[in-house]
Amino acid sequence: YLGEMVDYTPGFHLLTALVAAWIPGDALHLVYSVVAATVAMKFGIVFLIARRLVPRDVPRDPFALIAVLLLLVPRVYSIGSFTEQSYLAQVVSELFAVAMWWMVIVWDEHPLTAAMTLFALFGVAGFLVWPVWTGPLLLVVFAALACGATTEVRHEHFEADCDLGAAKRCRE
């Protein structure tokens, strides 16, 4: 059943091989463990996103837990996508897509370079695993950069990311 994955992008294969190098076992026997771990991490990130989006004067943890439980409602999509249809690379890429989304939300609250750095890192990982998610999330981050931050913060980040000679052009 893994023969069809020969044409896939190498990210899932690389991730599984790295896990196999870190713990005893061969990559073939760790495939479902890696996918299950990424699904668990994805659920955890959805919890963090939901918790962050709920107002502070409301009990946040129950609503975040409900958000995670709602992920299980479309069972064919949340669990069946890898247990029944074997969309392994796509399921793993969802982790990186949700992590990119989380970094956009973090950056919108606190415009830190670390959030954009992690966004880029998760974007590269997501592109290596299954590149379909990268485009829509890049549009979201560009919208957040254009609308979410004040002009001063945007100029400050543009200057930090540009070399000194081009800093003047970045403000224009």
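In case you missed it, the structure is sitting above this.
Throughout what follows, the structure given in this document is the object of discussion. What you are looking at is a predicted structure, and each value in this text was computed from that prediction instead of being measured.

**Comments concerning the overall build of the protein chain**
Move 1: Helix and strand counts for the protein chain stand at 10 helices and 0 strands.
Move 2: The linear arrangement of helices and strands in the protein chain, starting from the amino end, is α-α-α-α-α-α-α-α-α-α.
Move 3: Counting every atom, the protein chain has about 10,400 Å² of accessible surface; 71% of that belongs to carbon and sulfur.

**Looking at the environment of Thr9**
Move 1: Mapping Thr9 onto the fold places it in the segment before helix 1 (11-22).
Move 2: When the C-alpha atoms of Thr9 and Phe127 are compared, they prove to be 8.3 Å apart, with 118 residues separating the residues in sequence.
Move 3: Those residues in contact with Thr9 that sit more than four places away from it in its chain are Phe127, Leu128, Val129, Trp130 and Pro131.

**Quick word on helix 6 (residues 88-109)**
Move 1: Taking 1.5 Å per residue as the helical rise, helix 6 with its 22 residues ought to reach 32 Å, and the 33 Å between its terminal C-alpha atoms agrees with that figure.
Move 2: Within helix 6, 18 of the 22 residues are buried, leaving the element largely enclosed by the surrounding structure.

**Comments concerning the pattern of salt bridges**
Move 1: Tallied over the entire structure, the rule returns 3 salt bridges.
Move 2: One salt bridge in this structure joins Arg51 and Asp61, with 2.6 Å as the shortest N-O distance. A residue pair is termed long-range when its members are at least 10 positions apart, and Arg51 in helix 2 (residues 27-53) and Asp61 in helix 3 (residues 60-71) qualify at 10 residues.
Move 3: The closest approach of N and O atoms between Arg52 and Glu109, which form a salt bridge, is 2.6 Å. You can see Arg52 sitting in helix 2 and its partner Glu109 sitting in helix 6, a full 57 residues away along the chain.
Move 4: Residue Glu109 is classed as partly exposed on the basis of its relative accessible area of 35%.

Rules used in this analysis
Residues numbered from 1 in each chain as written. Predicted model: local features only at pLDDT ≥ 70, side-chain atom pairs only at ≥ 80, totals over all residues. Heavy atoms only, no water. Helix = DSSP H or I, 4+ residues; strand = E, 2+ residues; numbered from the N terminus. Areas by Shrake-Rupley, 256 points an atom, 1.4 Å probe, with all protein chains shown as cover. Contact = heavy atoms within 4.5 Å. Expected span 1.5 Å × (residues − 1). Buried < 20%, exposed > 50% of the residue type's maximum accessible area, 1.4 Å probe, protein only. Salt bridge = Lys/Arg side-chain N within 4 Å of Asp/Glu carboxyl O.

By themselves, these are just geometric observations and shouldn't be taken as functional.
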